[in-house]
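# Per-entry structural report
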Amino acid sequence: MLTYDEHLLRWAVFAFWRRSIGISFPIALVVVAIIFISLLAQGDLSWIVGAIGMFIVLSIAFVLAVYVVHYRNAIAKLRDMGPPQATFIAEESSFSISSGIGDSTIRWSSVIELWRFSNFWLLLFSKSQFITLPLATISPEMQTFVLKSVQASGGKIVD
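Criteria and cut-off values
Residues numbered from 1 in each chain as written. Predicted model: local features only at pLDDT ≥ 70, side-chain atom pairs only at ≥ 80, totals over all residues. Heavy atoms only, no water. Helix = DSSP H or I, 4+ residues; strand = E, 2+ residues; numbered from the N terminus. Rg over C-alpha atoms; globule rule 2.2 N^0.38 Å. Buried < 20%, exposed > 50% of the residue type's maximum accessible area, 1.4 Å probe, protein only. Contact = heavy atoms within 4.5 Å. Areas by Shrake-Rupley, 256 points an atom, 1.4 Å probe, with all protein chains shown as cover. Pairing = 2+ DSSP bridges. Core = buried A, V, L, I, M, F, W, Y, C linked by side-chain atoms within 4.5 Å. Axes fitted to C-alpha atoms, helices over the stretch in contact; angles between N-to-C directions. Parallel < 35°, antiparallel > 145°, perpendicular 65-115°, else oblique. Left-handed = near helix turned anticlockwise from the far one by under 90°. Nonpolar A, V, L, I, M, F, W, Y, C, P; charged D, E, K, R; others polar. Expected span 1.5 Å × (residues − 1). Arc of directions from axis to C-beta.

## Re the overall build of the protein
- Counting secondary structure elements, the protein contains four helices and eight strands.
- Start at the N end of the protein and walk to the C end: the helices and strands fall as β-α-α-α-β-β-β-β-β-β-α-β.
- Its C-alpha radius of gyration of 20 Å places the protein more than 25% over the 15 Å reference for a compact globule of 159 residues.
- The principal-axis extent of the C-alpha atoms belonging to the protein is close to 65 × 35 × 25 Å.
- Sorting the 159 residues of the protein into buried and exposed places 35% on the buried side.
- A fraction of 55% describes how many contacts in the protein between residues 6 or more apart in sequence connect residues 24 or more apart.
- For the protein, the computed accessible surface area is about 9600 Å², with 64% contributed by carbon and sulfur atoms.

This is how it looks when you write it as structure tokens:
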């Protein structure tokens, strides 16, 4: 039985967001912002400076939107599921999750990556789709089985 709460989902979405955005994008954004500020300080008001400013604004909006969209989606699903619990059944070629909002059976080969964190794992199906597995109620034996199943199906394990 998997148990979810708002705190867990907030951390899971933040972990996904942080790892998806990475460190290089914010660094590049800071460099571009420094260039933008220095050009403005020099009195440059050309269309290039305007384009750089627009790039900065749109980049910040994109970074925030990635977090907000995933967080709102996760919280909406949490509220829709009734009791915040799901049943997780792992088998040789697939796993099933069932809760108050429905049932789903997914082949292990659909998992492209498994991101490991201390209290939860994220099973990624694409660059923007994932499910959260809270580890508090998953036995060490089941955790090992999930890891082996993802690896055996070609999925990547990321610590």
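Picking up after the structure, the text goes on.
## Topic: the sheet that holds strand β3 (residues 94-99)
- Spatial ordering of the open sheet is given by β1-β2-β3-β4, a layout of four strands whose pairing is antiparallel. In this open sheet, the two edge strands, each paired with only one partner strand, are β1 (2-3) and β4 (102-107).
- For β3 and β4, the ladder comprises six bridges, and the chain directions are antiparallel. Considered in β4, the bridge of Ser98 is made with Asp103.

## Considerations on the nonpolar core
- In terms of nonpolar packing, the biggest core is built from 37 residues, with Tyr4, Phe88, Phe95, Trp108 and Leu122 touching the most fellow members.
- Within the residue set of this core, elements represented by two or more residues are α1 (6-21), α3 (47-80), β2 (85-90), β3, β5 (113-116), β6 (120-124), β7 (130-134) and α4 (140-152).
- Take this core: its biggest share by element is six residues, from α1.
- Leave out the neighbours within four places in its chain, and Tyr4 touches Leu9, Leu78, Met81, Pro84, Ala86, Thr132 and Pro134.

## Description of the packing of helix α2 (residues 24-41) against α3
- Between α2 and α3, whose axes approach to 10 Å, the crossing angle comes to 150°. Classed by the angle they form, the pair α2 and α3 counts as roughly antiparallel. Between α2 and α3 lies a crossing whose hand is left-handed. Touching Phe25, Leu29, Val32, Ala33, Phe36, Leu39 and Leu40 of α2 are Val49, Ile52, Gly53, Phe55, Ile56, Ser59, Ile60 and Val63, all from α3.
- Considered class by class, the residues forming the contact of α2 with α3 number 13 nonpolar, two polar and no charged.

## Some points on α4
- Across its 13 residues, α4 extends 18 Å between first and last C-alpha, which sits within 8% of the 18 Å expected from 1.5 Å per residue.
- Gln143, Val146, Leu147, Ser149 and Val150 are the residues of α4 that are buried. Along the axis of α4, the buried residues cluster in a sector spanning 165°; they form a single face. Seen from the open side of α4, the exposed residues pointing more than 90 degrees away from its buried face are Pro140, Glu141, Lys148 and Ala152.

## As for the pairing of β3
- As defined by bridge partners, β2 adjoins β3 across four bridges and the pair is classed as antiparallel. Note on β3: the bridge partner recorded for Phe88 is Ile97.
- Once β2 ends, the chain turns through three residues before running back antiparallel as β3.
- Here β3 hands over to β4 after two residues, the two strands then running antiparallel side by side.

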